[in-house]
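What the coordinates show
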Amino acid sequence: MVKRRVHVAAAAIVSRDRQEVLIARRPSTVDQGGLWEFPGGKLAPYETGFEALRRELHEELGVEIQRAQPLIRVHHEYPDKHILLDVWQVHEFAGEPFGREGQAVRWVPMEELVNYPFPAANLPILRAVMLPTEYLISAEEDDDADFLAKLERALREDGIRLVQLRAKTLAHEAYVARAEQALALCREHAARLLLNGEPSLLDEVDADGIHLTSERLMSLERRPIAEGKWLSASTHDRAQLEQAARIGCDFVTLSPLRTTPTHPDADPLGWHDFQQLVETAGMPVFALGGMTRYDADHARAVGAQGIASIRDFWK
Ligand SMILES: Nc1nc2c([nH]c(=O)n2[C@@H]2O[C@H](COP(=O)(O)OP(=O)(O)OP(=O)(O)O)[C@@H](O)[C@H]2O)c(=O)[nH]1
Ligand SMILES: [Mg+2]
């Protein structure tokens, strides 16, 4: 049997302060009734995703979208159909949203989203909504004071909210000590800190998660940390992306987009191959390798969550 292919446009409407997101409950009489969802619906013939989004949000919530940006595309196999969820982050709209079709509609704080039952296809969307568009990877620094000053600047001036502590040259004790300091600073700025290293590091430092090197990623059989923590990984090709999905990574970096001074011999992916790999990744993907924040909009346009960088944020 050839499965029906359904293309759906859906909206993550995020409050101005980025603290809350609007969700709606599907009426109990329809497919997946009673579950919560991001408002939206199927594309009509000849409609683009964005046109469908505008029409559906008018029909379902009574609002007019003014500014939206692609957030994530999720392919999902339901028993009876293949569904493509084409999700947009809505930044500006006119009107006061309400359930025009009688459905419950609610603004929910980001960290409470996990308490609402969503369709199976929605997990990557929840992750994408909660993540920022910029992922800072820290540079090697010999001195703790220099390290903290640069991290503090990035948090304060660049508004960084997601940090990976990468420090290959530090011995274990020194790494743990630096991680404690970085964590305190990140907390002050409501930023999340992931530790690049062994998953067991979380037993020593109560950071927000672990970032796996691609080598460590490939050696694992299952997710090595609790669901409540974030798990990210470095990937470079389809096999690694598939492994990341298999063990339940929350998001990944995919590199190198461009050649960089740190990895001069690596073959760059370029935007075309990057886009193809991201399309079926099934989780948020940060573009890495020669990226600056000026690449973030383009990265989003080809399906990425945003950009990851050392150099652009480490000053
Ligand atoms: N809108 C929306 N649909 C979702 C989400 N997650 C998810 O699996 N779906 C599925 O995508 C499909 C979208 O259908 P829909 O019922 O919203 O479509 P629609 O508004 O055009 O409704 P209609 O067919 O009654 O006119 C359903 O099979 C639904 O279960 C989500 O977050 N938002
Ligand atoms: Mg709908």
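It should be emphasised that the depicted structure is a prediction, and the values quoted were computed from it without experimental measurement.

**Some thoughts on the overall build of the protein chain**
- The helix and strand inventory of the protein chain stands at 9 helices and 15 strands.
- In terms of C-alpha radius of gyration, the protein chain reaches 20 Å, essentially the compact-globule figure of 20 Å for 315 residues.
- Principal-axis analysis of the C-alpha atoms places the extent of the protein chain at approximately 60 × 40 × 35 Å.
- Counting over 315 residues, the protein chain shows a buried share of 39%.
- Of the contacts made within the protein chain by residues no fewer than 6 positions apart, 60% connect residues no fewer than 24 positions apart.

**Some remarks on the UniProt feature "binding site: 8-oxo-dGTP" (unreviewed entry) in the protein chain**
- Using the residue numbers shown here, the UniProt feature "binding site: 8-oxo-dGTP" (unreviewed entry) corresponds to Arg26, Glu37, Phe38, Pro39, Gly40 and Asn122. In sequence the annotated residues extend across 97 residues, while in space they remain close, none of their C-alpha pairs exceeding 13.6 Å.
- Here glutamate 37 lies in strand E3 (residues 36–37).
- A residue is classified by how many C-beta atoms lie within 10 Å of it, and glutamate 37, with 21 of them, is buried.
- Those residues in contact with glutamate 37 that sit more than four places away from it in its chain are Ile23, Ala24, Arg26, Phe118 and Pro119.
- Along the chain, the position of proline 39 falls in the loop between E3 and strand E4 (40–42).
- Dropping the residues within four chain positions of it, proline 39 is found in contact with Ala10, Ala11, Ala24, Glu56, Leu57, Glu60 and Leu61.

**Structural notes on the pairing of strand E2 (residues 20–25)**
- Sheet topology places strand E1 (residues 4–14) next to E2; 2 bridges connect them, and they run antiparallel. Opposite valine 14, over in E2, you have valine 21 as the bridge partner.
- Linking E1 back to E2 in an antiparallel pair, the connection comprises 5 residues, with arginine 18 at a positive phi of about 65°.
- In this sheet, strand E7 (residues 105–109) lies alongside E2 in antiparallel orientation, the contact comprising 5 bridges. Among the inter-strand pairings, valine 21 is bridged to a residue of E7, identified as valine 108.

**Examining the environment of isoleucine 247**
- By the element assignment, isoleucine 247 lies in the loop between helix H7 (238–246) and strand E13 (251–254).
- The spacing of isoleucine 247 and methionine 218 is 29 residues in sequence and 9.6 Å in space, taken between C-alpha atoms.
- Beyond its immediate stretch of four places on either side in the chain, isoleucine 247 contacts Leu220, Arg222 and Arg223.

**Things to note about the site of ligand 1**
- Around ligand 1 lies a shell of 17 residues, among which Glu37, Gly40, Gly41, Lys42 and Pro119 are the nearest.
- Looking at the shell around ligand 1, the elements with two or more residues in it are E1, E4 and strand E6 (81–94).
- Tallied by class, the residues present in the shell around ligand 1 amount to 9 nonpolar, 4 polar and 4 charged.

**Structural notes on the environment of glutamate 180**
- Tracing the backbone shows glutamate 180 in helix H4 (residues 172–188).
- C-alpha of glutamate 180 to C-alpha of alanine 304: the two residues are 124 residues apart in sequence and 30 Å apart in space.

**Focus on the domain arrangement of the protein chain**
- Along its sequence, the protein chain is carved into domain 1 (4–117) and domain 2 (134–309).
- Between the C-alpha centres of domain 1 and domain 2 there is a distance of 28 Å.
- Between domain 1 and domain 2, the contact holds 6 residues from the first and 7 residues from the second.
- For the side of domain 1 that touches domain 2, a count of residues per class yields 3 nonpolar, 2 polar and 1 charged.

**Digging into the packing of helix H3 (residues 144–157) against H4**
- At a minimum axis distance of 10 Å, the contact between H3 and H4 shows a crossing angle of 25°. Comparing the axis directions of H3 and H4 gives the class roughly parallel. Where H3 crosses over H4, the handedness of that crossing is right-handed. The residues of H4 that touch H3, namely those facing Asp144, Phe147, Leu148, Leu151, Glu152 and Leu155, are Arg178, Gln181, Ala182 and Leu185.
- Split by residue class, the contact of H3 with H4 holds 6 nonpolar, 1 polar and 3 charged.

Conventions used here
- Residues numbered from 1 in each chain as written.
- Chains lettered and ligands numbered in written order.
- Predicted model: local features only at pLDDT ≥ 70, side-chain atom pairs only at ≥ 80, totals over all residues.
- Helix = DSSP H or I, 4+ residues; strand = E, 2+ residues; numbered from the N terminus.
- Rg over C-alpha atoms; globule rule 2.2 N^0.38 Å.
- Buried ≥ 20, exposed ≤ 12 C-beta atoms within 10 Å, placed from the backbone.
- Contact = placed C-beta atoms within 7 Å.
- UniProt positions renumbered as here; feature names shortened; annotations may be inferred.
- Pairing = 2+ DSSP bridges.
- Near = placed C-beta within 6 Å.
- Nonpolar A, V, L, I, M, F, W, Y, C, P; charged D, E, K, R; others polar.
- Domains from an automatic or database assignment.
- Axes fitted to C-alpha atoms, helices over the stretch in contact; angles between N-to-C directions.
- Parallel < 35°, antiparallel > 145°, perpendicular 65-115°, else oblique.
- Left-handed = near helix turned anticlockwise from the far one by under 90°.

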